[in-house]
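Architecture and fold: a report
Chain by chain, the residues:
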Amino acid sequence: MLIKRAPMFKASEITDPTLYVTRRKFMLGAAALALWPSGAAGAAAAPSGGQALKATRNSAFSLNEAATKFESATTYNNFYEFGVNKEDPSRLAGTLRTRPWTVRVEGHVAKPKTYDIDELIRLVPLEERVYALRCVEGWSMVIPWIGFPLASLLKRVEPTGQAKFVEFTTLLDPEQFPGQRKSFLSFSSIDWPYVEGLRMDEAMHPLALLTVGMYGQILPNQNGAPVRVVVPWKYGFKSAKSIVRIRLVGEQPKTAWEKAAPNEYGFYSNVNPSVDHPRWSQATERRIGEFLRRKTPMFNGYADQVASLYTGMDLQKNY
Amino acid sequence: MTRKARVILKTGVWIVCLLPLLFLLYWTYTGNLTANPISFITNHLGQWTFRLLLASLAMTPLRILFGMSWPVTLRRLLGLFAFSYACLHFSVWIVVDHFFNWNLMIADILKRRYITVGMSALTLLIPLAVTSTSGMVKRLGGANWRRLHRLVYVTGVLAALHFLWLAKKGRIDQYIYATILTLLLGIRIWDAIRRAVRKRRQREAVTKPALA
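Residues numbered from 1 in each chain as written. Chains lettered and ligands numbered in written order. Predicted model: local features only at pLDDT ≥ 70, side-chain atom pairs only at ≥ 80, totals over all residues.

1. Concerning the overall build of chain B
Let me state the cut-off plainly: Put simply, DSSP H or I for four residues or longer makes a helix, DSSP E for two residues or longer makes a strand, and each gets a number counted from the N terminus. Any residue whose C-beta has 12 or fewer other C-beta atoms within 10 Å is treated as exposed, any with 20 or more as buried, and any in between as partly exposed, C-beta atoms being built from the backbone. A pair of residues counts as a contact when their C-beta atoms, built from backbone coordinates, are separated by no more than 7 Å.
Scanning chain B from terminus to terminus reveals nine helices and zero strands. Along its sequence from the N terminus, chain B presents helices and strands in the succession α-α-α-α-α-α-α-α-α. Taking all 212 residues of chain B together, 25% fall into the buried category. For chain B, restricting intrachain contacts to residue pairs at least 6 apart in sequence, the fraction spanning at least 24 positions comes to 66%.

Right under this line is the structure:
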């Protein structure tokens, strides 16, 4: 497959200066400035404390955009295993033990194997890629991930001809994931463990990243430690976190959100501004740290690389 | 209730009702508005709108159930605060969230049923806020005024739908609010039936001897 250069955002998508100048004046005038102290600048990454992880920046696969503040990326998370609120994961993630950890790769493969996490991290040279992350809820971030192409792992186990889909399973352990506990007041919406899936060609796509770090350090627990996938042209929930099993299967897996709300979430879940979520529009998004909403580009800006995967498919139906 | 007690009570309500705004300012100062401040502020204001609306709707049931009359004197104040929070909630949505992008907002109002009902809930509160003064009560006449102000029940139901329809899976507070609203409206219905039955019995008691 021809690897094209990752898309930089078009000039038209960058906020028009006249707009934000007007906005600044407006904000001052309305004394709304008081409500806007800290959030504004999409400052560079400022990692703190985590264990450093070396990786070479792959600029061909990186956005030319400032990363979301590290603090935002690690305190504003959807990770229902810890709870439904955005601050739950960072608050509660201490209970997750990421060592020892193994990832079983199995199914329709010639060489099934259980990888120790430390073996997995050293399997292939790590690269850093700055990707846009678009949440289905209408916000987005820019995150420097560290990992290697998922395809590198899949090729090692030698998928057979029967392998049509890849299924990812997140750790099931209510001891470590309070959100998985059954309690009187929380009737959980998700049938644990969390299961996600990709079509084989999606999983083999060079953009699909098996991820073990971000912002120059090992993945914080609340971001899906010790290993997750990142599939940047799909809504964030497609990128399964804290993976313990990768299974190559013949049938399309039934994903956690498809089971929880079939009318709201489909298998593909490609970022698509023209297919609304039943309850809200997907036409725009708020980049965390920015004031104005911006237009959501098709496939989250990765159309040049991935549109060909869906040629001839009705994306309104296969949402 | 003495005048002094009433002043203390109302001052207390003012303070409680202003606290959520003070907290917003405090969190702004300490940088605790989360990574997505606009969403956080919108939710915070919306939640307090609903809480104050439920508080204002709880005053009459307190009289019905426990015979207390003082809560009813707080009804208007709570209702007006609920209206103020609703206006702030809505303004944040227009000004900060969508920055006057009318096309996007109108499309949303028409297309998203949770926004449609939310807008309707706020709209229905406007005539109630306008006619909340004592002068307006006199001008409309007590019976008309009461009839008009029953619109708040519709607002309550629309507000509950607004929250039920927008809340994401896994949350439970939307059900808690809806349950409280159901209770508060249920008590009124129960009381209305009880009074109707009593009235009929009285009428029967009056008319029976005449028949005999």
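2. With respect to the packing of helix α2 (residues 37–66) of chain B against helix α8 (residues 151–166) of chain B
Residues and elements named next belong to chain B. Quick note on the threshold: Comment: axis = line fitted to C-alpha atoms, over the contacting stretch for helices; angle = value between 0 and 180 degrees taken between N-to-C directions. Each helix crossing is assigned a hand: it is left-handed if the near helix lies turned anticlockwise from the far helix by less than a right angle, otherwise right-handed if that turn is clockwise. For this classification, the nonpolar set comprises Ala, Val, Leu, Ile, Met, Phe, Trp, Tyr, Cys and Pro, the charged set comprises Asp, Glu, Lys and Arg, and every other residue, Gly included, is treated as polar.
With their axes 11 Å apart at the nearest point, α2 and α8 run at an angle of 145° to one another. The way α2 lies across α8 gives a crossing that is left-handed. Residue-level contacts link F50, L53 and L57 of α2 to V152, T155, G156, A159 and F163 of α8. Broken down by class, the residue content of the contact of α2 with α8 amounts to six nonpolar, two polar and no charged.

3. What about the confidence of the model for chain A?
We apply this condition: As a per-residue measure, pLDDT reflects the predictor's confidence and takes values from 0 up to 100.
Per-residue pLDDT for chain A has a mean of 86; in total, 83% of the residues score no lower than 70. Considering only residues more than four positions removed or in separate chains, one finds that residues 7–46 of chain A, a stretch of pLDDT under 50, has 46 contacts.

4. Digging into the sheet that holds strand β7 (residues 195–199) of chain A
All names here are of chain A. How we decide: Two strands form a pair only when DSSP identifies at least two bridges running between them.
Spatially, five strands are ordered β3-β2-β11-β6-β7 in an open sheet, and the strand pairing comes out mixed. The open sheet is flanked by β3 (113–116) and β7, the only strands paired with a single partner. With strand direction ignored, the average angle separating the axes of adjacent strands in the sheet is 15°. Two elements, strand β6 (residues 165–170) and β7, share five bridges in a ladder whose sense is antiparallel. When the bridges of β7 are listed, T169 appears paired with V195.

5. Overview of the environment of L209 of chain A
Within the secondary structure layout, L209 of chain A lies in strand β8 (residues 209–214). Not counting the four nearest positions on each side in its chain, L209 of chain A is found in contact with R129, W145, G147, P149, L150, V229 and V230 of chain A.

6. With respect to helix α3 (residues 75–97) of chain B
All names here are of chain B. Under the convention used in this document: A helix is expected to span 1.5 Å for every residue after the first.
The terminal C-alpha atoms of α3 lie 31 Å apart, and with 23 residues this matches the ideal 33 Å at 1.5 Å per residue to within 8%. On its buried face, α3 sits against α1 (3–30), α2, α5 (113–130) and α8. Positive backbone phi, at 40°, marks F99, one or two positions downstream of α3.

7. Here we look at the interface of chain A and chain B
Chain A puts 27 residues into the contact, and the matching count from chain B is 21 residues. Where the side of chain A that touches chain B is concerned, the elements lending two or more residues are α2 (70–75) and β12 (284–287) of chain A. Here the residues of the side of chain A that touches chain B sort into 13 nonpolar, nine polar and five charged.

8. Details of unusual backbone geometry
All names here are of chain A. For the bond from R99 to P100, the omega torsion is -10°, close enough to zero to count as cis. For the bond running from A225 to P226, omega is -5°, close enough to zero to count as cis. Of note in this structure, F299 is not a glycine but carries a positive phi near 50°. Residue placement: F299 occurs in the loop between β13 (294–295) and α8 (303–306).

9. A closer look at the pairing of strand β5 (residues 139–149) of chain A
All names here are of chain A. With 11 of 11 residues buried, β5 lies mostly within the body of the structure. Bridge analysis of strand β4 (residues 127–134) against β5 gives eight bridges, and the strand direction is antiparallel. By the bridge assignment, A132 is partnered in β5 with V142. Taking the residues between adjacent antiparallel strands as the criterion, β4 and β5 are bridged by four residues, where G138 takes a positive phi near 100°. Summarising the sheet, β5 and β8 pair through five bridges and their orientation is antiparallel.

10. A short note on the environment of L248 of chain A
All names here are of chain A. Looking at the element boundaries, L248 is found in strand β11 (residues 243–249). In this structure L248 comes out as buried when scored by C-beta crowding, with 23 C-beta atoms within 10 Å. Sequence spacing of L248 and P159 is 89 residues, and the spatial spacing of their C-alpha atoms is 7.3 Å. Those residues in contact with L248, other than ones at most four positions away along the chain, are G107, H108, V109, P159, A163 and V166.

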